[in-house]
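Chain residues, written in single-letter form:
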Amino acid sequence: AFVLAEEKYQVPDNVIAALLWIETRHGENLGHFHIVSVYLHLLQSDLRSNKKALTLLAIEKNKKVLEYPEEDIKSIMAERTKKRTLWAREQLLALASIRKKKHLDLKKLRGSYAGALGLPQFIPSSYQDFAKSIKPKAAANLNAPGDAIMSVAYYLSKHGWQNCDAESKIAALMKYNNSRDYADSILEISKRTAAQNHIPNARRISSTDDLATSDHCKAE
């Protein structure tokens, strides 16, 4: 799966492995929350009673840090609860679309408290757009290592990953999780494990920091 993913999408195997380790420790921590219920819960964020309760919690928390004026908190929370509701609706529609194609059994679907699923922790809309099976025309099972590897490689490739461009790597990883620390951690882990990688792939491309000066990149 690593060899195929790298040949098809040009994302190094050690980068994919590092990302999957950070996300779920290679499947040790997949989560046990019912995915549909997570989004049905979030869908109610903008209800008046829920919005009021969440705003009061935010005001109470702010008293300890004095970061915002109280009126600003009310405005911020009104915007956030609306966005959360719209986002949850988007994810539920994605699940409905996936269910129509019989890709997932929604009754049994489990994942993180935030509604992410599988080894790579895709949200439903990401599953819909980027999940790939190692078997042609098969529905992707993100709990299966081969499908998870292919899906991560495809996701990063579609978000601009380029082996000879350090900034493109950071940008692609931050599309996956909007954190520079997250992106840096994956690249650091992949760099440390590259020397110990024994996967027999003659076309293997390094992901180390000095890649842009390598013979491979000069040739391109």
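In case you missed it, the structure is sitting above this.
Keep in mind that what you see is a predicted model, and the values were worked out from it rather than measured.

A. Representation of the overall build of the protein chain. When helices and strands are tallied, the protein chain shows ten helices and two strands. In sequence order, the protein chain lays out its α and β elements as α-α-β-α-α-α-β-α-α-α-α-α. Counting every position in the protein chain, which comprises 220 residues, the buried fraction comes to 39%. Put simply, of all contacts in the protein chain between residues at least 6 apart along the chain, 65% involve residues at least 24 apart.

B. Structural detail: the pattern of salt bridges. Applying the stated criterion across every chain yields a total of six salt bridges. Close ionic contact of Asp184 with Arg180 constitutes a salt bridge, the shortest N to O distance being 3.0 Å. On the criterion of helical spacing, the pair formed by Asp184 and Arg180 is a turn pair, its members being four residues apart in helix H9 (residues 180-194). Since its relative accessible area comes to 32%, Asp184 is described here as partly exposed. According to the relative accessible area criterion, Arg180 is partly exposed, its value standing at 42%.

C. Quick peek at the side chain of Thr81. With respect to the helices, strands and loops of the structure, Thr81 is situated in helix H5 (residues 70-100). In contact with Thr81, not counting residues within four places along its chain, are Ser45, Asp46, Lys51 and Leu54.

D. Representation of the packing of aromatic side chains. For the structure on display, the rule yields eight aromatic pairs. Their ring planes at 50° and their centres at 5.8 Å tell us that Phe122 and Tyr155 sit as a pair that is tilted. A residue pair is termed long-range when its members are at least 10 positions apart, and Phe122 in the loop between strand E2 (110-111) and helix H6 (124-130) and Tyr155 in helix H7 (residues 145-158) qualify at 33 residues. We note that Phe122, like Tyr155, is buried. Of note, Arg25 hangs over the ring of Trp21, and the distance from its end group to the ring centre comes to 3.8 Å. Residue placement shows Lys132 over the ring face of Tyr154; its charged tip is 4.5 Å from the ring centre.

E. Up close: helix H4 (residues 48-65). In this model H4 runs 26 Å from its N-terminal to its C-terminal C-alpha over 18 residues, within 8% of the 26 Å that 1.5 Å per residue would give. Next to the buried residues of H4 lie H5.

F. Molecular detail of unusual backbone geometry. Here the phi dihedral of Arg25 falls at roughly 50°; this positive angle occurs in a residue that is not glycine. Tracing the chain through its elements places Arg25 in the loop between helix H2 (13-24) and strand E1 (33-34). The exposure class of Arg25 is partly exposed, given its relative accessible area of 37%. One non-glycine residue, Gln121, lies in positive phi territory at about 55°. Counting through the fold element by element, Gln121 comes out in the loop between E2 and H6.

G. Region of interest: the environment of Ala18. Secondary-structure assignment places Ala18 in helix H2. By relative accessible area, Ala18 is classed as buried at 2%. Ala18 sits 169 residues away from Leu187 along the chain, and the two C-alpha atoms are 7.7 Å apart. In this structure Ala18 touches Ile186, Ile189 and Ser190, once residues within four positions along its chain are discounted.

H. Quick look at H9. Counted at 1.5 Å a residue, the expected span for H9 with its 15 residues is 21 Å, and the 21 Å between its end C-alpha atoms agrees. For H9, the secondary structure elements touched by its buried residues are H2 and helix H8 (166-176). Between the side-chain oxygen at the start of H9 and the backbone nitrogen of Asp181 there is a gap of 3.3 Å, and the oxygen is on Ser179.

How each quantity is defined
- Residues numbered from 1 in each chain as written.
- Predicted model: local features only at pLDDT ≥ 70, side-chain atom pairs only at ≥ 80, totals over all residues.
- Heavy atoms only, no water.
- Helix = DSSP H or I, 4+ residues; strand = E, 2+ residues; numbered from the N terminus.
- Buried < 20%, exposed > 50% of the residue type's maximum accessible area, 1.4 Å probe, protein only.
- Contact = heavy atoms within 4.5 Å.
- Salt bridge = Lys/Arg side-chain N within 4 Å of Asp/Glu carboxyl O.
- Phe/Tyr/Trp six-rings, centres within 6.5 Å; stacked < 30°, edge-to-face > 60°.
- Lys NZ or Arg CZ within 6 Å of the ring centre and 35° of its normal.
- Expected span 1.5 Å × (residues − 1).
- Polar contact = N/O pair within 3.5 Å; in protein donor to acceptor, adjacent residues only side chain to side chain.

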